[in-house]
Amino acid sequence: MSQRSLKPYLVLAAGALLGVVAALGVIKFKAVRVVDSVELTEASAPQTPALSFAPEAIGTTVAEFGRPEVTHVQIVDFDQDGLPDVLYCEATTNTVRWIRQISRNVFNETVVADDVAGPVHVAAADIYGNGRLDLLIASMGQVLPNSDSIGRVFVFEALADGSFKRHLLLDRVARVTDVRAANLSGHRDGRLDLIVGQFGYDEGETRLLENSGNWEFSSTLLNGQSGAIHTPIADFDGDGRLDVAALISQEWEEVHLFRNEGSGRFSDDILWGSTNEDFGSSGMKTTDLNQDGRPDLIFSNGDGFDYSIRGPRPWHGVQWLENLGDGEFSYHRIGEMPGAYAPSAADLDSDGDLDLIAVSGFGDWSNPDTVTLMGWLNDGEQNFEPLVIATSPIQMVTADAGDLDGDGIPEIVTGGYHSFPPFEHMSAVTLWRRQ
């Protein structure tokens with residue numbers, strides 16, 4: 001059976017990448033640029049360093065949601081008052097919510113966008129340079145599989161009085177999973193264009209919405225493959241123009257780089273690809289992991305919706321595409337993690353190096369020792385030691401890391417997605433503090 005006939009529901013955060021021959025547990029690459037290979041083995045229980053994080057529920061409670069479906073969390077100072085906040089999408093209520101930090105470690109939640117069907121990614125950006133952050137929202141229409149054109153792109157424009165004006169920029173398209181903003185076309189007035197990732201189902205797209213002014217946008221197709229999950233933006237090839245990366249799942253399982261050639265033109269290169277249609281791409285972010293001044297890509301594979309019996313697979317885990325310059329990348333496997341989602345980078349142990357975290361959406365939940373929040377500590381030479389942070393709550397598909405309380409130590413924020421049993425050890429939004 002093809003992956004298209006099985007490929008599911010989430011693509012959250014707001015999933016393309018690796019080649020595995022499952023029966024042998026061996027990764028093989030069809031990569032254009034990457035020629036490494038590595039053998040996977042069943043992950044043994046890692047030795048845990050002396051570092052721990054304590055969970056604290058923030059925002060709307062599990063009881064109020066019933067079964068929370070938090071599809072995306074992001075740490076951002078949304079009101080620009082110097083105190084980082086949390087934005088998140090919740091799919092049972094079809095809302096986007098703002099957990100505002102009104103004073104240090106004191107939070108208050110507000111619904112900032114409602115009636116957004118299947119919200120899966122939210123970003124904050126000042127589209128027209130008026131000093132206020134607008135909300136960019138990817139709407140899948142529904143999170144469960146659907147080939148209909150039910151995706152939408154919304155921008156909730158922040159007004160001077162604190163309210164929001166709703167703009168529907170894209171309607172009746174393949175289900176939308178990501179929206180990002182940047183001045184990709186070189187507008188002299190600084191107005192921002194949008195990059196849109198559309199997972200769809202049988203059909204999908206990655207497209208540029210070029211900002212013509214006055215909330216009018218023209219659309220250009222960058223890629224016509226289904227399964228786009230995340231579309232981070234950075235100057236990946238160092239030519240001074242912002243480029244776009246895309247994690248494309250479904251049967252493709254690839255990482256693409258759309259190089260900005262100027263004048264609204266982009267070329268499409270495949271940085272890395274998998275021969276395993278069940279690889280399970282699940283999330284990608286950009287970060288300068290080795291702090292050499294070039295933006296890298298970290299990505300996870302842990303999607304478990306592809307199988308009649310949902311759950312983890314031995315090839316799941318986290319990897320790093322190291323930016324070598326001029327658009328060249330080198331693949332590195334960071335570590336195994338069943339059901340891995342939402343990789344993020346932060347200096348967890350305060351040693352000056354960037355470490356990694358990921359959460360698990362599809363673990364063996366019959367085993368109480370199954371890891372749901374994992375870290376990998378960097379020794380400064382980009383060798384990574386696994387760190388078990390938590391085994392509960394379970395079924396988390398989104399995470400972010402940042403210093404919320406200003407003490408120089410990053411916190412972790414996670415979101416629980418509880419669409420399938422077991423409906424236990426549930427969470428909505430959880431804040432993790434280092435002890």
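None of the values given here were measured: they were computed from a predicted structure. (Residues numbered from 1 in each chain as written. Predicted model: local features only at pLDDT ≥ 70, side-chain atom pairs only at ≥ 80, totals over all residues. Heavy atoms only, no water.)

For this particular structure, what's the right way to read the overall build of the protein?
Each helix and strand in the protein was counted, giving two helices and 31 strands. Expressed as a percentage of its 435 residues, the buried residues of the protein come to 60%. (Helix = DSSP H or I, 4+ residues; strand = E, 2+ residues; numbered from the N terminus. Buried < 20%, exposed > 50% of the residue type's maximum accessible area, 1.4 Å probe, protein only.)

Looking at this structure, how should I read the sheet that holds strand β15 (residues 216–223)?
Hydrogen bonding along the main chain pairs the strands of a sheet, whether they run parallel or antiparallel. Reading across the sheet, the four strands line up as β12-β13-β14-β15 and stay open at both edges, with antiparallel pairing between neighbours. For this open sheet the edge positions go to β12 (176–182) and β15, each flanked by a neighbour on one side alone. Pairwise comparison of adjacent strand axes, ignoring direction, gives a mean angle of 20 degrees for this sheet. Looking at chain direction, strand β13 (residues 193–198) and strand β14 (residues 205–213) are connected through five bridges and run antiparallel. Following the sheet pairing, Ile195 is matched in β14 by Leu208. (Pairing = 2+ DSSP bridges. Axes fitted to C-alpha atoms, helices over the stretch in contact; angles between N-to-C directions.)

Mind showing me how you'd approach the sheet that holds strand β7 (residues 106–113) here?
Overall, antiparallel pairing links the four strands, which are arranged β4-β5-β6-β7 in an open sheet. Only two strands of the sheet have a single partner each, and these edge strands are β4 (70–76) and β7. On average, each strand axis in the sheet is inclined to that of its neighbour by 20 degrees, with strand direction left out of account. Two elements, strand β6 (residues 95–103) and β7, share seven bridges in a ladder whose sense is antiparallel. Within β7, the residue paired with Arg97 across the bridge is Val111.

So what exactly am I meant to see when it comes to unusual backbone geometry here?
Note: most residues except glycine have negative phi, and most peptide bonds are trans. Looking along the chain, the bond that leaves Ser392 and enters Pro393 is cis, with omega of 0 degrees. Looking at where Pro393 falls in the secondary structure, it is placed in the loop between β28 (384–390) and β29 (396–402). Of the consecutive residues Pro421 and Pro422, the connecting peptide bond is found in the cis state with omega at 5 degrees. With respect to the element layout, Pro422 can be found in the loop between β30 (411–416) and β31 (429–434). Notably, Asn105 is not glycine yet its phi reads approximately 65 degrees, a positive angle. By the secondary structure assignment, Asn105 is in the loop between β6 and β7. Of note in this structure, Gln395 is not a glycine but carries a positive phi near 55 degrees.

Before we go on, may I ask you to explain the pattern of salt bridges in this structure?
As a working rule, side chains carrying opposite charge can pair if their charged atoms are close by. In this structure the tally under the stated criterion is 14 salt bridges. Salt-bridge contacts for Arg97 lead to Glu109; the nearest nitrogen and oxygen are separated by 2.8 Å. One end of the pair, Arg97, is in strand β6; the other, Glu109, is in strand β7, with 12 residues separating them in the sequence. An identical accessibility class is assigned to Arg97 and Glu109; each is buried. For the salt bridge of Asp405 with Arg433, the shortest nitrogen-to-oxygen distance reads 3.2 Å. Pair noted here: Asp405 is in the loop between β29 and β30 and Arg433 is in strand β31, with a separation of 28 residues, a long-range link. Taken as a pair, Asp405 and Arg433 share a single burial class, namely buried. Look at the salt bridges and you will find they share partners, linking Glu56, Asp405 and Arg433 into a network. (Salt bridge = Lys/Arg side-chain N within 4 Å of Asp/Glu carboxyl O.)

Sorry if this is basic, but what is going on with the pairing of strand β22 (residues 296–301) here?
Two faces belong to every sheet, and in a regular strand the side chains alternate between them. The buried count for β22 comes to six of six residues, which makes it a mostly enclosed element. Here β22 shows two buried faces, one formed by Asp296, Ile298 and Ser300 and the other by Leu297, Phe299 and Asn301. Direction of pairing for β22 relative to strand β23 (residues 317–325): antiparallel, over a ladder of five bridges. Within the sheet, the bridge partner assigned to Leu297 lies in β23 and is Leu321.

Is there a simple way to explain the nonpolar core in this structure?
Core analysis: the largest hydrophobic core is formed by 45 residues, its most contacted members being Ile127, Leu136, Leu194, Leu348, Leu373 and Ile412. Among the elements that make up this core, the one with the highest residue count is β29 (four residues). Grouped together as the second largest cluster of nonpolar side chains are 18 residues, Ile229, Leu247, Val255 and Trp315 included. (Core = buried A, V, L, I, M, F, W, Y, C linked by side-chain atoms within 4.5 Å.)

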